[in-house]
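One letter stands for each residue in the lines below.
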Amino acid sequence: MRFTDYLVLAVVGYGVALVLFVAGRRVARAGAALRIAAGVVAAVTTVGWVAPAALAGGALGGVFTFVLLFVVLPVIVIFAGVRLGRYRKQRAGDVDLPPIWPPVLICAFGLAFLLPGAIYVLNAVLYLLGVRTDVDLMVTSVSPWDWYLSRSATVSGDYGDGLVDQSVWWSSAPLPEQGETIRVALGPLWPNPMIESSGAAGVMLAINAALVLPGAALLYLGRRQARGRLAR
């Protein structure tokens, strides 16, 4: 599917969920059923369209990964936190208890940075340690793209019984040509990124370490705030 197809389906799905939720807040008799339907539509949209698009790789996967981690996930966390907060206040009999969802949201943002970055850092480190799968990749497509002030590309190809689908070209070496066969390695951990050389592994390690550090800091801050609020 094209990018526009995924985008239209995601917008329509979340739009329908929003309409159902708003209607459920205003209609007294069928309100609960409409809100449940809104949740089902949003869940189907996320699982059926946004998540597969995020796993598609390349620019399409990057956009939808951002949407999934920094739009869908925070909305789910805030909604669940508000619901749990109401239950917590009722159980404690104290309406002045501070809400728990802000530190939970901070932890969620921390994990959104930490987990993807940690996976690629581990893949880069394992490559440098020799834990990798070397393959001869026949390039089927090369898609250059601009990223801020730098230029990069995604490369797709076939090797034996497997394939590489829109993997980022981390190397500073010239881009391969379509139809060319190149020697590359695949990282041992999902999503098994393509790594062209030790230099490419170093670039992957540096860029993703920059995600791990703020992610770990946010996770620590969120856990510290959550413990303070739960202790009250």
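Higher on the page you've got the structure.
On a predicted model such as this, the values are computed, not experimentally measured, just so you know.

A. Representation of the overall build of the protein within the structure. Regarding its fold elements, the protein presents five helices and five strands. Out of the 232 residues in the protein, the part that is buried amounts to 31%. Total accessible area on the protein is roughly 14,000 Å²; 67% of this is exposed by carbon and sulfur atoms.

B. Representation of the side chain of Asn208 within the structure. Here Asn208 shows up in helix 5 (residues 198-230). Here Met204 takes part through its backbone oxygen, which lies 2.8 Å from a polar atom of the side chain of Asn208. The residues touching Asn208, leaving out its near neighbours within four places in the chain, are Pro116, Gly117, Tyr120, Val121 and Trp170.

C. Representation of the nonpolar core in the model. Membership of the largest hydrophobic core is limited to 10 residues, which are Val135, Leu137, Val139, Val155, Val164, Trp169, Ile182, Val184, Leu186 and Met194. Ignoring any residue separated from it by four or fewer positions in sequence, one finds Leu137 in contact with Val155, Gly157, Asp158, Tyr159, Val164, Glu180, Thr181, Ile182, Val184 and Met194.

D. Geometry of a nonpolar patch on the surface. A surface patch of nonpolar side chains, about 240 Å² in accessible area, is lined by Val8, Val12 and Val16. Assignment of secondary structure puts Val16 in helix 1 (residues 3-26). Take Val16: its relative accessible area is 38%, and that puts it in the partly exposed class.

E. Focus on the environment of Leu128. Here Leu128 shows up in helix 4 (residues 101-128). On a C-alpha basis, the gap between Leu128 and Ala201 in space is 7.1 Å, while along the polypeptide they are 73 residues apart.

F. Summary view of unusual backbone geometry. Between Trp190 and Pro191 the backbone carries a cis peptide bond, its omega angle lying at 10°. Notably, Asn192 is not glycine yet its phi reads approximately 50°, a positive angle.

G. Focus on the pattern of salt bridges. A complete count under the given rule lists two salt bridges for this structure. A salt bridge links Arg183 to Asp136, with the nearest nitrogen and oxygen atoms 3.1 Å apart. Taken together, the residues Arg183 in strand 4 (residues 181-186) and Asp136 in strand 1 (residues 133-147) connect sequence positions 47 residues apart.

H. Layout of the environment of Gln178. Topologically, Gln178 is positioned in the loop between strand 3 (162-168) and strand 4. The class for Gln178 is exposed, based on a relative accessible area of 61%. Spatially, the C-alpha atoms of Gln178 and Gly157 are 8.8 Å apart, while their sequence positions differ by 21 residues. If we ignore the near neighbours within four places in the chain, the residues touching Gln178 are Val139, Thr140 and Ser141.

I. Geometry of the packing of aromatic side chains. Following the criterion strictly, the structure yields one aromatic pair and no others. Judged by centre distance (6.4 Å) and plane angle (55°), the ring pair of Tyr120 and Trp170 falls under tilted. Remark: Trp170 occurs in the loop between strand 3 and strand 4 and Tyr120 occurs in helix 4; sequence separation between them is 50 residues. The class for Tyr120 is partly exposed, based on a relative accessible area of 24%. With a relative accessible area of 16%, Trp170 lands in the buried category. When the ring centre of Tyr127 is taken as reference, the NZ or CZ atom of Arg132 above it lies at 4.4 Å.

About the thresholds
All residue numbers refer to positions counted from 1 along the written sequence of the respective chain. Under the rules for a predicted model, residues below a pLDDT of 70 receive no local features and side-chain atom pairs below 80 are neither given nor counted, while totals for whole chains, interfaces and linings still include all residues. Note that the side-chain values use all heavy atoms of the structure and ignore hydrogens as well as water. Counting from the N terminus, the helices are DSSP H or I runs at least four residues long and the strands are E runs at least two residues long. Buried residues are those whose accessible area, probed at 1.4 Å on protein chains only, stays under 20% of the maximum for their type, while exposed residues exceed 50% and partly exposed ones sit between those limits. In short, Shrake-Rupley with a 1.4 Å probe defines the accessible areas, and a residue's cover is counted only from the protein chains shown. N or O atoms closer than or at 3.5 Å make up a polar contact, with two conditions inside protein: a donor-capable atom paired with an acceptor-capable one, and, for residues adjacent in sequence, both atoms drawn from side chains. Any two residues having at least one pair of non-hydrogen atoms within 4.5 Å are treated as being in contact. Side-chain atoms within 4.5 Å are what join buried Ala, Val, Leu, Ile, Met, Phe, Trp, Tyr and Cys residues into a set we call a nonpolar core. For patches, a residue must show more than 30% relative accessible area and have no salt bridge; joins then use 9 Å for like charges and 5 Å for nonpolar side chains, namely Val, Leu, Ile, Met, Phe, Trp and Tyr. Salt-bridge detection follows one rule: a side-chain nitrogen of Lys or Arg within 4 Å of a carboxyl oxygen of Asp or Glu. Planes of paired rings set the category: under 30 degrees apart is stacked, over 60 is edge-to-face and the rest tilted, where pairs are Phe, Tyr or Trp rings (Trp by its six-membered ring) whose centres lie within 6.5 Å. Sitting over a ring, as applied to charges here, requires NZ of Lys or CZ of Arg to be within 6 Å of the ring centre and within 35 degrees of the ring normal.

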